[in-house]
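One letter stands for each residue in the lines below.
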Amino acid sequence: KNHFPPGKTVILSPYASTLADMPMDFWEKLARLLQKKGYTVCTNSSGEKEPAVAGTKAVFFPLSIAPQMVECGGTFIGIRSGFCDVISSAKARKIILYDKNNWFYNCSAYKYFSLNDMGLCNDAVELEYEEDFQRLCTEIINLF
């Protein structure tokens, strides 16, 4: 429907209920840099409360086909959320972001929620970040 090229589409997922959100200007800059590299960028959005990142199209698909959609697109970048569990089996580049200062019970959110450590997959690139969003953006772009 949206003509997203298979293998050249990045799905951004900037929203989470449990963990901290990141500044929207980070997502906007990341989207622009990915587009400059030739990727089509869209935002996983469930509606008005989760608007698309500026310069991207909002997409929404049933959870039952989410892994297939991510696999078809080729790349997923998102804040760690329950959606990450759903798409963890996708054979795609998965970049999962954790706020280094976000703790859950007695450990960091990364330690508590790591997809790789929980055995949900073994190919997720899991990155912890602090306040240096420029560095994080560069680190992500260097993965492409």
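Refer to the structure above for everything that follows.
The notes below deal with the structure included here. Since the structure is predicted, the reported quantities are computational estimates derived from the model, not experimental observations. (Residues numbered from 1 in each chain as written. Predicted model: local features only at pLDDT ≥ 70, side-chain atom pairs only at ≥ 80, totals over all residues. Heavy atoms only, no water.)

1. Here's the deal with the overall build of the protein
Summing up its helical and strand segments, the protein has six helices and eight strands in all. The C-alpha radius of gyration of the protein comes to 14 Å, within 12% of the 15 Å expected for a compact globule of 144 residues. In terms of principal-axis extent, the alpha carbons of the protein reach across some 45 × 30 × 30 Å. A total of 144 residues make up the protein; the buried ones form 46% of that total. Restricting the contact set of the protein to residue pairs at least 6 apart, pairs at least 24 apart contribute 59%. (Helix = DSSP H or I, 4+ residues; strand = E, 2+ residues; numbered from the N terminus. Rg over C-alpha atoms; globule rule 2.2 N^0.38 Å. Buried < 20%, exposed > 50% of the residue type's maximum accessible area, 1.4 Å probe, protein only. Contact = heavy atoms within 4.5 Å.)

2. Quick look at the sheet that holds strand 4 (residues 74–79)
A sheet is described by the order of its strands in space; here six strands give the open sequence 3-2-1-4-5-8, paired in parallel fashion. A strand with exactly one partner marks an edge of an open sheet, and here the two such strands are strand 3 (57–59) and strand 8 (125–129). Direction aside, neighbouring strands of the sheet carry axes that sit 25 degrees apart on average. Where strand 1 (residues 9–13) meets strand 4, five bridges bridge the pair, whose relative direction is parallel. Counterpart to V10 in the pairing with strand 4 is T75. This element, helix 1 (residues 24–36), spans strand 1, strand 2 (40–44), strand 4 and strand 5 (93–99) of the sheet and lies at about 175 degrees to strand 1. (Pairing = 2+ DSSP bridges. Axes fitted to C-alpha atoms, helices over the stretch in contact; angles between N-to-C directions.)

3. Some remarks on the packing of aromatic side chains
Summed over all chains, the structure comprises 12 aromatic pairs. Ring centres 5.9 Å apart and planes at 50 degrees place the aromatic pair F26 and F133 in the tilted group. Within this pair, whereas F26 is found in helix 1, its partner F133 is found in helix 6 (residues 133–141), the two being separated by 107 residues in sequence. Side by side, F26 and F133 carry an identical accessibility label, which is buried. Centre to centre, the rings of Y98 and Y110 are 5.2 Å apart; their planes meet at 85 degrees, and the pair counts as edge-to-face. Separated by 12 residues along the polypeptide, Y98 in strand 5 and Y110 in helix 4 (residues 109–113) bring together distant segments of the chain. (Phe/Tyr/Trp six-rings, centres within 6.5 Å; stacked < 30°, edge-to-face > 60°.)

4. As for unusual backbone geometry
You will see that Y105, though not glycine, has its phi angle at about 55 degrees, which is positive. Residue placement: Y105 occurs in the loop between strand 6 (103–104) and strand 7 (107–108).

5. Describing the pattern of salt bridges
Under the defined criterion, the tally for this structure stands at two salt bridges. D123 is paired through a salt bridge with K94; the nearest N and O atoms lie 2.8 Å apart. Note that D123 is positioned in the loop between helix 5 (115–118) and strand 8 and K94 in strand 5, a separation of 29 residues in sequence. (Salt bridge = Lys/Arg side-chain N within 4 Å of Asp/Glu carboxyl O.)

6. Description of the side chain of T43
As for its position among the elements, T43 is in strand 2. At a separation of 3.0 Å, a polar atom in the side chain of T43 contacts the main-chain amide nitrogen of V53. When sequence neighbours within four positions are dropped, the list of residues in contact with T43 reads L12, P14, Y15, P51, A52, V53, T56, K57, A58 and V59. (Polar contact = N/O pair within 3.5 Å; in protein donor to acceptor, adjacent residues only side chain to side chain.)

7. Concerning the environment of K37
Along the polypeptide, K37 turns up in the loop between helix 1 and strand 2. A relative accessible area of 39% places K37 in the partly exposed class. In the structure, K37 is positioned 104 residues away from I141 in sequence and 8.9 Å away in space, judged by C-alpha atoms. Apart from residues lying up to four places away in sequence, K37 is in contact with K8, I141 and F144.

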